Amino acid sequence: MTDASGLRIGLAASCQTVGGADLAAAAEQEVRLIRRARDGGWDSVWVSHHYVTPAVAMPQPAVWLSRLIPETGDMQLGTGIMLLPLPHAVDVAETYGSIDALSDGRLVLGVGLGYRSEEFEAFGLLRKDRVRLFEQNLDTLLRLWGPDRDLLTSPPVRHPRPPVVVGAEGPLGIARAARVSDGWLASPRMTRAELVAGMETFTATRRDAGHEAPGTIMLGREVYCAATSAQAQSVADRFLRDKYDVYGRWSGLETDPSVMPERDERFAVGTPEECVAALLPYVHAGIDQLVLRTHWAGMSEQQAAESIDLLSAEVLPALRAAARAAGPAAVPR
């Protein structure tokens, strides 16, 4: 569904669990959470993509989206992001074309470069070639979903094609997203100042490239909502520390213990009122879609369900009301 405000709010639900855990059981738990979000009025579901991650288990995105098609009503189904340099572009076009067809045109394909050397090495590729591989595969994908769609076994049903958005956080990547795709998916790691600067880059580059449509700007955020601030901080702090410790090892960067929800604007953790206050600046800046993750590896279903229910009942309505009242975006597009 899309609220009259125009603001879309999606749930990041990649079914990530601890390596070695029962993935089938984790998937059924995640499906139950997604049903709560569906019934609570969320607009979309987003899944992520990695290979060779023994510390973190998750289903591959195409398989997981296929499982979610009958569970999600009219919610959009997005990848946020899939690693476009690694698989063959024909396989991407066919596989995700099938998902669009089977979901009756609900796919949004978010793509990105990837950053883990292990993933490139597993495919016999070099990380230093990722930009070239990304651009080459994107060109092929857009051609197969465009003028050459009749060549496909399972083309998408949405016309002219499913939206393609690019995940990026640096100026070069944001400018690339503006030039070659339908939108930009901003990293959850970006601060507010970085986001506003990125929106200006995206808007200016898109205008200079001659695109008539302004493009979609989407932002991921880590969110946990509870009845009290102390409860929210206690739950989120543990699981976000674990998550960012893993991501720090993947990226080769040390985890900064000061970058945690109680001290960083990149997290929205607290009561419903506090979560609204943390997310409102992005609504006022003109973000088109928020993608909120509130369930992390190791977290119980009950803990995640409590956050989803509070977000559905109190936070999403407040953000949509603010979007309706906000008027023109802070960064005109």
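Note that the coordinates shown come from a computational prediction; the quantities given were computed from them, not determined experimentally. (Residues numbered from 1 in each chain as written. Predicted model: local features only at pLDDT ≥ 70, side-chain atom pairs only at ≥ 80, totals over all residues. Heavy atoms only, no water.)

(A) Region of interest: the pairing of strand β6 (residues 107-112). Across the six residues that make up β6, a large majority, six, are buried. Burial along β6 is two-sided: Leu107, Leu109 and Val111 and Val108, Gly110 and Gly112, pointing in opposite directions, are all buried. Pairing analysis gives five bridges linking strand β5 (residues 76-83) to β6, with the strands arranged parallel. Paired with glycine 78 across the bridge in β6 is valine 108. Read from β5 through helix α3 (residues 89-102) to β6, the crossover connection turns out right-handed. (Buried < 20%, exposed > 50% of the residue type's maximum accessible area, 1.4 Å probe, protein only. Helix = DSSP H or I, 4+ residues; strand = E, 2+ residues; numbered from the N terminus. Pairing = 2+ DSSP bridges. Right-handed = clockwise from strand over helix to strand, strands pointing away.)

(B) The arrangement of the pattern of salt bridges in detail. Scanning the entire structure with this criterion turns up 15 salt bridges. In this structure, the salt-bridge partner of arginine 35 is glutamate 71, at a minimum N-O distance of 2.8 Å. With arginine 35 in helix α1 (residues 23-39) and glutamate 71 in the loop between α2 (61-68) and β5, this residue pair connects regions lying 36 residues apart in the sequence. Classification of arginine 35 as partly exposed rests on a relative accessible area of 30%. (Salt bridge = Lys/Arg side-chain N within 4 Å of Asp/Glu carboxyl O.)

(C) Fine view of the packing of aromatic side chains. Considering all chains together, one arrives at three aromatic pairs under this definition. Measuring from ring centre to ring centre gives 6.4 Å for tyrosine 224 and tryptophan 296, while their planes differ by 45°; the resulting arrangement is tilted. Linking tyrosine 224 in strand β9 (residues 216-225) with tryptophan 296 in the loop between β11 (289-293) and α10 (301-326), this pair joins segments that are 72 residues apart in sequence. Like tryptophan 296, tyrosine 224 is buried. (Phe/Tyr/Trp six-rings, centres within 6.5 Å; stacked < 30°, edge-to-face > 60°.)

(D) Quick look at the packing of helix α6 (residues 171-180) against helix α7 (residues 192-208). Contact pair α6 / α7: the axes reach a minimum separation of 8 Å and the direction vectors enclose 40°. The pairing of α6 with α7 is recorded here as oblique in orientation. At the point where α6 passes α7, the crossing takes the right-handed sense. Along the contact surface, α6 presents Pro171, Ile174, Ala175, Ala177, Ala178 and Arg179, while α7 presents Gly198, Thr201, Phe202, Thr205 and Arg206. The residue inventory of the contact of α6 with α7, partitioned by class, reads six nonpolar, three polar and two charged. (Axes fitted to C-alpha atoms, helices over the stretch in contact; angles between N-to-C directions. Parallel < 35°, antiparallel > 145°, perpendicular 65-115°, else oblique. Left-handed = near helix turned anticlockwise from the far one by under 90°. Contact = heavy atoms within 4.5 Å. Nonpolar A, V, L, I, M, F, W, Y, C, P; charged D, E, K, R; others polar.)

(E) Molecular detail of helix α5 (residues 130-144). Under the 1.5 Å per step criterion, the end-to-end length of α5 is 21 Å for 15 residues, consistent within 8% with the ideal 21 Å. For α5, the complete set of buried residues consists of Leu133, Phe134, Asn137, Leu138, Thr140, Leu141 and Leu144. For α5, the angular spread of buried residues about the axis comes to 165°, placing them on one side. (Expected span 1.5 Å × (residues − 1). Arc of directions from axis to C-beta.)

(F) Representation of the nonpolar core in the model. Ranked by size, the top nonpolar core spans 85 residues in total, and within it Trp42, Tyr96, Leu109, Trp145, Trp184, Tyr224 and Leu319 carry the most contacts. Ignoring anything within four residues of it in the chain, the contact list for tryptophan 145 reads Val92, Ala93, Tyr96, Gly97, Leu107, Leu109, Leu152, Pro156, Pro160, Arg161, Pro162 and Val164. In this structure, Trp46, Val165, Leu185 and Met218 belong to the second largest nonpolar core, which totals seven residues. (Core = buried A, V, L, I, M, F, W, Y, C linked by side-chain atoms within 4.5 Å.)

(G) Spatial organisation of the packing of α1 against α10. Running from amino to carboxyl end, α1 crosses α10 at an angle of 10°, the nearest separation of the two axes being 10 Å. In terms of orientation, α1 and α10 fall into the roughly parallel class. The handedness of the crossing between α1 and α10 comes out as right-handed. Between α1 and α10, the residues in contact are Gln29, Arg32, Leu33, Arg36 and Ala37 and Glu301, Ala304, Ala305, Ile308 and Asp309, respectively.

(H) Quick look at the environment of glycine 170. Along the chain, glycine 170 falls in the loop between β7 (164-168) and α6. Sequence-wise, glycine 170 and methionine 190 are 20 residues apart; in three dimensions their C-alpha atoms are separated by 9.4 Å.

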